[in-house]
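Here is what each chain is made of, one letter per residue.
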Amino acid sequence: MPIRIFIDQGHNPSGFNAGAEGFGLREQDITYQVGMYLANILNDDPRFEARTSRTTPEQVLGYSNTTSLAERVRLANSWPANYFISIHCNANDNPAINGTECYVFQNYTQSYYLAERILPAIVNRVGTRNNGVRINPSLYVLRRTNMPAVLVELAYITNYEDAQKLGSRQYDFAYGIYQGLLDYFGFSVLG
Ligand SMILES: [Zn+2]
């Protein structure tokens, strides 16, 4: 049985639950494409099976902010997925703030150990700053999923250097997450 990975591309294309913006980029477009790259990479590897929360760039999930998040969790729980990865871009009023972070519900769980593999793999691949694995028990998609769940903040869309990477290295962000998964499971790269 392949390991089932549910990929949640954070946010909707517009309206409620839309994402952050910076330097002419929209978070929801980046998360959509990184999620699609990651799903394709995983589905090309027989050890994994991947699904995404949004299957087209125009697709809107839910009918409010809360139900948009609930629909993502429902899709993962009803599959059921073995692991849940939510992809986001960070934003800050201070344009100097930069780097990659992973959020999990609590310390010393499978979610935490997976995040500890994904984070350095992205940083090595893309060259962002490692801001560490952080605990956030209030994030809905981490709280309500029935399987280990990691929320990845790829980089800051409000920082110039990070935004360049978010705009031009979407495949590498996806491949970094894949490398983190391989590392977590002790799998080698397919030859
Ligand atoms: Zn977000």
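Placed above this text is the structure.
Since we're looking at a predicted model, the values are computed, not measured. (Residues numbered from 1 in each chain as written. Predicted model: local features only at pLDDT ≥ 70, side-chain atom pairs only at ≥ 80, totals over all residues. Heavy atoms only, no water.)

1. Some remarks on the packing of aromatic side chains
Taken as a whole and judged by the stated rule, the model has 14 aromatic pairs. Pairing phenylalanine 185 with phenylalanine 187 gives two aromatic rings, centres 5.5 Å apart and planes at 20°, and the pair type is stacked. The exposure class assigned to phenylalanine 185 is partly exposed, which follows from its relative accessible area of 21%. The rings of Tyr37, Phe48, Tyr83, Tyr171, Tyr175, Tyr178, Tyr184, Phe185 and Phe187 are connected pair by pair, giving a single aromatic cluster. (Phe/Tyr/Trp six-rings, centres within 6.5 Å; stacked < 30°, edge-to-face > 60°. Buried < 20%, exposed > 50% of the residue type's maximum accessible area, 1.4 Å probe, protein only.)

2. So, the sheet that holds strand S4 (residues 48–52)
On the basis of which strands lie adjacent, the open sheet formed by six strands has the order S4-S1-S5-S8-S6-S7 and mixed pairing. One side of each edge strand has no neighbouring strand; the edge strands of this open sheet are S4 and strand S7 (130–135). Within the sheet, the average angular offset between the axes of one strand and its neighbour, ignoring direction, is 20°. For strand S6 (residues 100–104) and strand S8 (residues 149–156), the ladder comprises three bridges, and the chain directions are antiparallel. Its bridge partner lying in S8, tyrosine 103 is registered against leucine 151. Of the strands in this sheet, strand S5 (83–90), S6, S7 and S8 are in contact with helix H3 (residues 110–126), which crosses S6 at around 170°. (Pairing = 2+ DSSP bridges. Helix = DSSP H or I, 4+ residues; strand = E, 2+ residues; numbered from the N terminus. Axes fitted to C-alpha atoms, helices over the stretch in contact; angles between N-to-C directions. Contact = heavy atoms within 4.5 Å.)

3. Brief notes about the coordination of the zinc ion
For the zinc ion, every protein donor is listed as His11 (NE2), Glu27 (OE) and His88 (ND1), and the spread of their distances is 2.1 to 2.2 Å. Considered as a linear motif, the donors of the zinc ion on their single chain read H-x15-E-x60-H. Of this pair, histidine 11 sits in the loop between strand S1 (3–9) and strand S2 (21–22) while histidine 88 sits in strand S5, and the two are 77 residues apart along the sequence. (Donors = N, O, S within 2.8 Å, 3.2 Å for Na, K, Ca; no water.)

4. A short note on unusual backbone geometry
Here the bond from tryptophan 79 into proline 80 is cis, since omega is -5°, no more than 30 degrees from zero. Although it is not a glycine, histidine 11 sits at a positive phi angle of roughly 80°. The buried category is assigned to histidine 11, whose relative accessible area is 13%. Within the chain, tyrosine 108 stands out as a residue other than glycine whose phi angle is a positive 55°.

5. Quick notes on the pairing of S1
Where burial is concerned, most of S1 is hidden: seven out of the seven residues are buried. Of the two faces of S1, the one carrying Ile3, Ile5, Ile7 and Gln9 and the one carrying Arg4, Phe6 and Asp8 are both buried. One ladder, built from five bridges, connects S1 with S4; its direction is parallel. Note on S4: the bridge partner recorded for arginine 4 is glutamate 49.

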